[in-house]
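Report on the structure
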Protein chains: 4
Amino acid sequence: MRYDFGSDNTAGMAPEALAGIQAANAGFARAYGADDVTARAADLIRQRLDADAEVRFVFSGTAANAIALSMLTFPFEAVLAHHAAHVCTDETGAPGFFGQGVGLIGLPGFSGKIDLKAMTAILDEPEVGHRQPPAALSVTQATEYGAVYTVDELRGLIDPVKARGYGVHMDGARLANAAAGGFDLTQIARLGVDVLVFGGAKAGAPCSEAIVLFDKSLARRLDNRLKQAGQMASKGRFQAAPFLGLLESGAWEAGGAHANLMARRLAEGIVTNSRFVLAHPVEANAVFVRMPAAAHRRLNEAGWACYRFDDGSVRFVCSWATTEAAVDELIAAVRTIG
Amino acid sequence: MRYDFGSDNTAGMAPEALAGIQAANAGFARAYGADDVTARAADLIRQRLDADAEVRFVFSGTAANAIALSMLTFPFEAVLAHHAAHVCTDETGAPGFFGQGVGLIGLPGFSGKIDLKAMTAILDEPEVGHRQPPAALSVTQATEYGAVYTVDELRGLIDPVKARGYGVHMDGARLANAAAGGFDLTQIARLGVDVLVFGGAKAGAPCSEAIVLFDKSLARRLDNRLKQAGQMASKGRFQAAPFLGLLESGAWEAGGAHANLMARRLAEGIVTNSRFVLAHPVEANAVFVRMPAAAHRRLNEAGWACYRFDDGSVRFVCSWATTEAAVDELIAAVRTIG
Amino acid sequence: MRYDFGSDNTAGMAPEALAGIQAANAGFARAYGADDVTARAADLIRQRLDADAEVRFVFSGTAANAIALSMLTFPFEAVLAHHAAHVCTDETGAPGFFGQGVGLIGLPGFSGKIDLKAMTAILDEPEVGHRQPPAALSVTQATEYGAVYTVDELRGLIDPVKARGYGVHMDGARLANAAAGGFDLTQIARLGVDVLVFGGAKAGAPCSEAIVLFDKSLARRLDNRLKQAGQMASKGRFQAAPFLGLLESGAWEAGGAHANLMARRLAEGIVTNSRFVLAHPVEANAVFVRMPAAAHRRLNEAGWACYRFDDGSVRFVCSWATTEAAVDELIAAVRTIG
Amino acid sequence: MRYDFGSDNTAGMAPEALAGIQAANAGFARAYGADDVTARAADLIRQRLDADAEVRFVFSGTAANAIALSMLTFPFEAVLAHHAAHVCTDETGAPGFFGQGVGLIGLPGFSGKIDLKAMTAILDEPEVGHRQPPAALSVTQATEYGAVYTVDELRGLIDPVKARGYGVHMDGARLANAAAGGFDLTQIARLGVDVLVFGGAKAGAPCSEAIVLFDKSLARRLDNRLKQAGQMASKGRFQAAPFLGLLESGAWEAGGAHANLMARRLAEGIVTNSRFVLAHPVEANAVFVRMPAAAHRRLNEAGWACYRFDDGSVRFVCSWATTEAAVDELIAAVRTIG
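Everything numeric in this text was worked out from a predicted model, so none of it was measured. (Residues numbered from 1 in each chain as written. Chains lettered and ligands numbered in written order. Predicted model: local features only at pLDDT ≥ 70, side-chain atom pairs only at ≥ 80, totals over all residues. Heavy atoms only, no water.)

This next bit is on the pattern of salt bridges. Enumeration over the complete set of coordinates arrives at 83 salt bridges over all chains. The partner of Asp 8 of chain B in a salt bridge is Lys 202 of chain B, with the nearest N and O atoms 3.4 Å apart. Highlighted residues: Asp 8 of chain B in the segment before α1 (15-24) and Lys 202 of chain B in the loop between β6 (195-198) and β7 (209-213), separated in sequence by 194 residues. Grouping residues by exposure puts Asp 8 of chain B and Lys 202 of chain B together as buried. What emerges from the salt-bridge pattern is a single network uniting Asp 8, Glu 144, Arg 174 and Lys 202 of chain A. (Salt bridge = Lys/Arg side-chain N within 4 Å of Asp/Glu carboxyl O. Helix = DSSP H or I, 4+ residues; strand = E, 2+ residues; numbered from the N terminus. Buried < 20%, exposed > 50% of the residue type's maximum accessible area, 1.4 Å probe, protein only.)

Here it is as structure tokens:
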């Protein structure tokens with residue numbers, strides 16, 4: 001694969017992440033996260049968020065999200081999430097597995113942002129014993145459709161949820177792209193988010209995500225929880241090292257900004273050079289294009305991996321590793337079919 | 001930490017594992033294990049085992065063991081294991097978490113090897129509805145006490161289990177040490193093991209273990225199972241790459257052999273230079289020493305991390321990274337207190 | 001409460017069920033279902049179904065359904081069911097709790113019957129690792145909307161499911177009403193249903209439902225499964241006794257027939273005496289009426305419990321205990337408001 | 001079976017329990033526990049305990065215990081219980097099933113009473129991430145070996161547990177026998193028990209147990225929890241009715257007292273008329289006799305069901321239904337073999 005727009009998991013590690021791993025590989029270090037690399041990486045995340053928090057570095061975003069939700073709900077309760085959110089559509093039911101059957105209530109909304117009226121309607125439903133009532137809200141920043149919530153939009157969703165004493169989870173798999181899209185990370189704690197998944201893999205790390213607990217009470221026996229769930233790294237330094245490399249160097253932000261820039265370049269090129277229109281605003285690293293099945297097929301046949309989403313549009317996603325040349329080549333390919 | 005005998009998780013990555021990661025980081029690759037690095041690493045594992053098998057690379061040995069056991073049992077059944085096995089004592093109940101309450105039946109036996117008579121007695125108990133009957137056997141090779149099962153010993157345990165139609169899991173976290181201790185890896189499939197966890201982290205990889213399914217029927221929808229359980233790597237190549245580096249270079253075997261050699265050197269040095277005696281045969285990479293609490297404390301105070309185990313002895317463990325100089329320094333330290 | 005059309009759980013026990021309990025209360029009997037009452041009741045169920053099967057008497061239809069589905073699926077798989085089925089809407093996520101996160105795929109269809117095209121479309125979707133693929137079909141007979149599947153309709157749904165090697169569960173909470181509606185119980189096994197929940201409570205028993213396993217291989221260690229799940233009766237005879245009373249006397253069928261008759265009388269009375277129309281065919285013991293919110297409210301205010309369903313219609317449900325006088329009184333009440 | 005000493009689940013319903021069911025069967029009643037019978041039975045239980053509490057009537061003691069423990073623990077924690085407690089030995093791992101893998105720490109102690117020193121030693125162990133630390137204590141009153149804790153003994157166990165902020169569960173399957181043995185039920189809440197299972201089946205009810213929550217905060221969304229777990233009775237009045245009959249009439253206490261009296265008569269008869277000795281004090285409704293295997297076999301062959309327990313003694317258990325004549329006949333049988 002020379003390059004790819006099908007997924008942001010196909011790029012490798014950013015050089016700074018690899019450098020972090022190499023630097024962490026000196027001599028012996030305490031196991032299970034009691035090492036300096038882990039401590040320094042956690043400090044940098046707290047600094048970025050301008051908040052005190054418990055931080056742990058785990059392997060899988062799917063597990064990180066599911067564990068976070070299991071902290072906020074009982075099995076006989078449910079999570080409010082956008083129906084297109086990763087936890088609803090792409091995690092093979094992990095929230096129910098880690099949460100022993102916890103429910104998901106899929107909500108509508110443009111471009112992956114939860115519609116406030118729809119959420120409030122669910123919150124206002126009378127509770128009955130034979131259904132799973134909501135106990136937590138899960139928001140995805142940036143959304144699955146490449147949009148970025150404003151702080152006010154998030155406040156509008158979070159306040160009524162907190163007012164009922166429910167918890168809030170933020171899936172930040174693409175948090176670097178949201179930050180590059182103008183989202184102020186220091187507002188996350190202030191908004192009342194209880195658990196954040198601070199994304200690593202899509203930002204240039206190998207499989208490493210940070211679970212950030214602003215609500216310290218949730219952190220009780222957290223290491224036992226993670227160990228039992230298979231998300232405690234014995235050689236913990238290697239989970240934290242890519243974050244340390246990316247955050248110390250600023251590559252975490254720079255990579256997100258580059259990915260967004262490439263997405264905008266791609267979007268403008270497609271709109272300018274083809275008859276295809278965009279399905280969603282391009283605020284992060286993904287471009288969604290309305291495209292007939294035949295055109296989509298021809299692109300795939302020409303070797304351009306890209307997938308049709310539930311809203312009917314075709315997604316092209318950029319990463320820290322996407323080059324201008326690749327974008328321009330794709331634009332040319334789109335023009336020839338469109 | 002200059003060096004450490006407290007754990008084999010405190011060493012870093014072997015150079016060959018890191019080289020594998022660096023080599024894997026070229027350009028784009030398909031996600032979720034559909035890449036060449038993963039395919040080649042799986043081939044090398046099948047070659048080592050001289051058997052056809054489904055191979056997946058996961059993050060955590062705890063999860064790998066627990067998922068393996070959940071494939072072989074229902075929640076209302078139990079697993080036969082040595083009472084000192086990692087699944088019983090060091091995984092925070094992960095088998096019950098992934099197995100929805102599956103039971104563990106702890107069996108006695110010298111040096112971590114399951115006693116055949118004790119196991120048979122359990123197998124022969126009449127079944128009753130109010131207990132969890134055995135449905136699988138879990139063996140650890142090398143054992144928690146640094147012993148290595150012979151093929152005949154394993155056959156003696158496995159045959160009566162398979163005769164009842166039950167499954168067999170092998171925890172190979174220290175399989176490289178067992179191999180260096182004389183265990184023939186090509187016998188694992190022939191013995192009737194259904195699921196093997198082929199150890200990476202303790203053999204010089206970062207957190208990466210391979211689940212090996214000899215019974216292909218267990219592999220149905222395996223990717224769904226691993227994804228839901230948070231053990232499917234999006235950037236799969238980086239889970240497989242350390243194995244590729246270690247196995248292509250032979251460092252997986254060499255590191256295990258070196259660790260065992262250092263353990264024997266340490267054991268001989270302690271026996272020769274102190275009044276302390278060994279608690280278990282030294283057949284792999286760990287040395288267990290009978291040592292009074294006061295002596296143990298003095299060693300710890302002198303900066304030598306080492307832990308007392310349930311059998312009352314103190315464990316010293318070596319790895320691919322342990323140096324002769326460190327061993328000799330520890331021997332000297334033991335002599336001064338003993 | 002003099003009488004009630006809000007639920008078929010508000011009626012008491014049929015006299016024959018109570019008589020069965022009284023008769024079973026003589027002297028001592030073996031515990032955990034090893035008694036004669038249980039054996040005789042199981043025989044009568046096998047006789048009604050004209051099939052060999054393992055039969056167990058459990059407490060809760062919710063648990064019976066969830067346990068049945070857990071026998072047919074893994075946590076990383078999903079169950080195909082009508083979106084209005086009890087397992088989807090009224091069991092507080094029990095399938096996910098007993099099934100450790102197993103998914104539910106809600107399908108459309110008129111009057112609670114699964115639409116074949118919609119089901120086939122799901123079956124034909126390519127499998128991906130990040131979603132829960134279907135592994136079982138759950139059908140409800142009679143449906144939540146008071147319809148009764150024909151044998152041919154069921155065959156049409158079951159055959160393509162079995163052709164893929166998937167399992168089939170039938171929720172028979174209102175099986176007595178389906179039988180009275182013309183459904184031939186002896187076809188259930190022949191259609192390929194693997195697990196049937198043979199309804200007791202709605203047919204005049206207290207809380208007792210029978211789990212019927214036509215696929216004996218699913219019955220391995222069934223008592224252990226039920227005991228662990230809290231569905232094994234210590235004084236088992238009292239779970240079976242109401243079935244024995246209802247089935248020996250024929251009251252199980254007679255009660256279902258009476259409930260259906262009352263439902264038809266109510267439906268005809270409403271259609272003839274008011275401007276309201278029916279929302280669904282009346283083939284079992286429930287009547288669904290299209291009724292404005294104001295009219296519904298006035299009925300409730302007049303003391304007639306009845307609930308609006310997801311399809312917007314208002315349900316009136318009859319049971320073995322519903323009297324003609326009560327039906328006529330309700331018809332009069334509906335006339336006054338409509 | 002004319003009578004039986006093998007189990008206290010082989011007796012039928014006490015007449016007062018049956019009368020309660022018959023009385024509850026008049027007309028229609030609200031479903032899911034919103035009926036008068038349920039309200040009155042709950043009041044009588046609160047009255048007996050002289051405490052405010054949430055009360056629910058469920059089907060199974062195994063489920064009641066497991067659900068109670070799941071309220072007090074996370075899956076990565078453990079429950080302290082006597083190694084011979086029903087939750088440890090006779091519930092097929094239900095605590096792990098309902099508690100998603102929650103651990104059980106089996107403690108020693110004479111006659112089923114937890115040894116304080118052993119419990120304190122566990123409480124004082126340093127916590128580590130790779131084990132399940134204790135989070136709750138489970139006590140059984142009366143114990144599995146027919147002993148009755150004094151209030152002081154319970155206080156001694158409960159205080160250090162509560163001091164650490166852990167929860168307390170009391171398995172009262174034989175609470176009526178404990179009460180008859182001198183245990184003051186009004187002390188349960190004062191001792192700090194959080195969840196009590198108030199036994200019905202062994203006291204003359206069919207399968208019905210009451211979950212009593214003194215800690216109201218645990219009762220949040222309790223109906224959702226019970227419904228999901230298959231322990232919510234649709235026709236709730238029939239779960240409560242046997243309790244209402246037993247408690248209104250005083251038969252709950254009288255039956256327990258009678259069972260204890262019969263046990264003492266049996267114990268004295270055996271000691272006086274045979275060479276066999278008692279293994280445990282007879283403080284409730286069970287008699288444990290030291291008896292060689294041959295003698296035990298001869299008794300079984302003579303038609304006297306009785307089981308050997310883990311401590312090697314043979315148990316004879318009495319109930320509300322045991323007659324003096326039966327006791328004397330058994331004494332004669334024991335004399336002939338001993």
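That was the structure; now back to the text.
Moving on: the side chain of Asn 9 of chain A. Its place among the elements puts Asn 9 of chain A in the segment before α1 (15-24). A polar atom in the side chain of Asn 9 of chain A sits 3.4 Å from the side chain of Lys 202 of chain A. Within the structure, Asn 9 of chain A has its side chain in polar contact with the side chain of Tyr 32 of chain B (distance 3.5 Å). For Asn 9 of chain A, the residues in contact, after removing those within four places along its chain, are Lys 202 of chain A together with Ala 29, Ala 31, Tyr 32, Ser 234 and Lys 235 of chain B. (Polar contact = N/O pair within 3.5 Å; in protein donor to acceptor, adjacent residues only side chain to side chain. Contact = heavy atoms within 4.5 Å.)

A few words on the domain arrangement of chain A. Residue and element names in this part refer to chain A. Entries for chain A in the domain assignment read domain 1 (15-249) and domain 2 (251-337). With 26 residues of domain 1 at the contact, the number on the domain 2 side is 20 residues. Carbon and sulfur atoms make up 56% of the surface buried where domain 1 meets domain 2, a total of about 1,900 Å² over both sides. Contact with domain 2 buries surface across domain 1, with Tyr 145, Gly 146 and Asn 177 losing the most and accounting together for 31% of the total. Across the domain 1-domain 2 interface, the total number found is 1 salt bridge. (Domains from an automatic or database assignment. Buried area = accessible area lost by both parts, 1.4 Å probe.)

Turning to the interface of chain B and chain D, a few remarks are in order. Counting from both sides, the interface comprises 16 residues of chain B and, opposite them, 16 residues of chain D. For the chain B and chain D pair, buried surface summed over both sides reaches about 1,300 Å², with 47% attributable to carbon and sulfur atoms. Area buried by chain B at its contact with chain D is led by Thr 92, His 130 and Arg 131 of chain B, which between them contribute 39% of it. The tally of links from chain B across to chain D stands at 0 salt bridges. On inspection of chain B and its partner chain D, the count reaches 10 residue pairs in polar contact (both at pLDDT 80 or more). Partitioning the side of chain B that touches chain D into residue classes produces 3 nonpolar, 9 polar and 4 charged. (Nonpolar A, V, L, I, M, F, W, Y, C, P; charged D, E, K, R; others polar.)

Looking now at the nonpolar core. Grouped together as the largest cluster of nonpolar side chains are 124 residues, with contacts concentrated most on Phe 198 of chain C together with Phe 198 of chain D. Setting aside anything within four residues of it in sequence, one finds Phe 198 of chain D in contact with Ile 45, Leu 49, Gly 172, Leu 175, Glu 209, Ala 210, Val 212, Phe 243, Leu 247 and Trp 252 of chain D. Formed by 122 residues, the second largest nonpolar core is a distinct cluster that contains Leu 44 of chain A together with Ile 45, Leu 80 and Trp 252 of chain B. (Core = buried A, V, L, I, M, F, W, Y, C linked by side-chain atoms within 4.5 Å.)

It takes a turn of 180 degrees to lay chain B on chain D, together with a shift of 0.0 Å along the axis; the resulting RMSD is 0.0 Å. The operation mapping one copy onto its partner corresponds to a two-fold rotation axis. Residues of chain B ranked by C-alpha distance from the rotation axis are headed by Gly 101 of chain B, positioned 2.3 Å from it. A share of 100% of the interface residues of chain B reappears at the interface of chain D, consistent with the copies meeting face to face through the same patch. (Least-squares fit on C-alpha atoms with pLDDT ≥ 70 in both.)

Under the fitted operation, chain B is carried onto chain A by 0.0 Å of movement along the axis and a turn of 180 degrees, and the coordinates agree to an RMSD of 0.0 Å. Both copies contact each other with a shared surface, as 100% of the interface residues of chain B are interface residues in chain A too.

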